[in-house]
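Observations on the model geometry
So the chains spell out like this:
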Amino acid sequence: MVRLRPIEARDADRMWESLQDPESNRLTGTTATFTREQVDEWSATVSDREGRFDWAITPGAVRDGQQVSDEMIGEIVLNDLDEDARSANLRLALLPNYRGRGYGREAIFEVLRFAFDGATDVDGVRHEGPHLHRVSLDVLSINPRARMLYESLGFREEGRLRDVYRDGDGWADATVMSILEDEFRAGLGAP
């Protein structure tokens, strides 16, 4: 259903589009603002940065042996990589028209496979992964749909950061969640 490929300069328009979506910014706690020039530079260089893996999520449909579209529909990131602790953080963002259709679930599953099993196909090329023990994330209390997705993939709650994000005039908690390598392997039948 999805294919992952490194984020490239050609993805700058879609990255910029995603940052203009107020609902996505609200649900992910994104408060920083970026210039178009910063987004262009980020898109062109992020895949070369140490300590992280950034992928464009693209539709995986294939017709006559060729991928139908290579256009970015979202991004998924494994960052804050700690090689000693064998842990990293996961972050996902989909463009509005692609939410709730299974793309995020499959992208997360592929990234967890890469993180724990150490290798996966990305853009048709086999890549060596970091062989992690733990992948974590945080999800805002105002985003129960995302929390249900993470739980369905095997993430477990570790704790709560109270009133850590602004939500308009109010506050939102963040639930810290993680999945360990043995938990992922036990539920390998997902997505």
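Before any of the text, the structure's been laid out above.
Keep in mind that what you see is a predicted model, and the values were worked out from it rather than measured.

This part takes up the pattern of salt bridges. Two side chains bearing opposite charge may form a pair once their charged atoms approach each other closely. Applying the stated criterion across every chain yields a total of 23 salt bridges. The closest approach of N and O atoms between Asp11 and Arg5, which form a salt bridge, is 2.7 Å. For Asp11, a relative accessible area of 2% corresponds to the buried category. You can call Arg5 buried: its relative accessible area is 1%. Arg10 serves as the salt-bridge partner of Glu8, at 2.5 Å between the closest nitrogen and oxygen. Given the relative accessible area of 47%, Arg10 is considered partly exposed. Shared partners join several salt bridges into a network, and the residues in it are Arg5, Glu8, Arg10, Asp11 and Asp70.

A word on the sheet that holds strand E11 (residues 170–180). Overall, mixed pairing links the seven strands, which are arranged E1-E2-E5-E6-E9-E11-E10 in an open sheet. Of all strands in the sheet, those bounded by a partner on one side alone are strand E1 (2–6) and strand E10 (156–167). Within the sheet, the average angular offset between the axes of one strand and its neighbour, ignoring direction, is 25°.

Quick look at the packing of aromatic side chains now. In the structure shown here, the tally under the stated rule is seven aromatic pairs. Residues Tyr98 and Tyr103 carry aromatic rings whose centres are separated by 5.9 Å and whose planes lie at 70° to one another, so their mutual orientation is edge-to-face. With relative accessibility at 13%, the residue Tyr103 sits in the buried group. Ring geometry for Phe116 and Phe184: centres 5.5 Å apart, planes at 40°, overall tilted.

Below, the discussion takes up a negative patch on the surface. Together, Glu50, Asp82, Glu83 and Asp84 give the surface a local cluster of negative charge. Within the secondary structure, Glu83 sits in the loop between strand E5 (74–82) and strand E6 (87–94).

What follows covers the packing of helix H1 (residues 12–19) against helix H3 (residues 36–45). Running from N to C, H1 and H3 cross one another at 130°; their axes reach a closest spacing of 9 Å. Taken together, the axis directions place H1 and H3 in an arrangement best described as oblique. As for the relative orientation of H1 and H3, their crossing is right-handed in sense. Along its contact with H1, which presents Ala12, Asp13, Met15, Trp16 and Leu19, the element H3 presents Arg36, Val39, Asp40, Trp42 and Ser43.

Ranked by internal contacts, the top residues of the largest apolar core, which has 32 residues, are Ile57, Ile76, Leu78, Ile108, Val135, Tyr150 and Phe155. Residue assignment for this core shows that the elements contributing at least two residues are E1, strand E2 (53–59), E5, E6, helix H4 (103–117), strand E9 (134–140), helix H5 (144–152) and E11. When neighbours within four sequence positions are excluded, Ile57 is seen to be in contact with Val2, Arg3, Leu4, Glu71, Met72, Ile73, Gly74, Glu75, Ile76, Leu92, Leu94 and Ala107. With six residues, the next largest nonpolar core counts Ile7, Met15, Val39 and Met72 among its residues.

Moving on, we come to unusual backbone geometry. Of note, Asp80 is a non-glycine position whose phi angle comes to about 55°, a positive value. With respect to the helices and strands, the residue Asp80 is situated in strand E5. For Asp80, a relative accessible area of 58% gives the class exposed. One non-glycine residue, His131, lies in the positive phi region at around 50°. One can find His131 in the loop between strand E8 (125–128) and E9.

Conventions and cut-offs
- Residues numbered from 1 in each chain as written.
- Predicted model: local features only at pLDDT ≥ 70, side-chain atom pairs only at ≥ 80, totals over all residues.
- Heavy atoms only, no water.
- Salt bridge = Lys/Arg side-chain N within 4 Å of Asp/Glu carboxyl O.
- Buried < 20%, exposed > 50% of the residue type's maximum accessible area, 1.4 Å probe, protein only.
- Pairing = 2+ DSSP bridges.
- Helix = DSSP H or I, 4+ residues; strand = E, 2+ residues; numbered from the N terminus.
- Axes fitted to C-alpha atoms, helices over the stretch in contact; angles between N-to-C directions.
- Phe/Tyr/Trp six-rings, centres within 6.5 Å; stacked < 30°, edge-to-face > 60°.
- Patch = residues over 30% accessible without salt bridge, like charges linked within 9 Å, V, L, I, M, F, W, Y side chains within 5 Å.
- Areas by Shrake-Rupley, 256 points an atom, 1.4 Å probe, with all protein chains shown as cover.
- Lys, Arg positive; Asp, Glu negative; His and termini not counted.
- Charge placed at Lys NZ, Arg CZ, Asp CG, Glu CD.
- Parallel < 35°, antiparallel > 145°, perpendicular 65-115°, else oblique.
- Left-handed = near helix turned anticlockwise from the far one by under 90°.
- Contact = heavy atoms within 4.5 Å.
- Core = buried A, V, L, I, M, F, W, Y, C linked by side-chain atoms within 4.5 Å.

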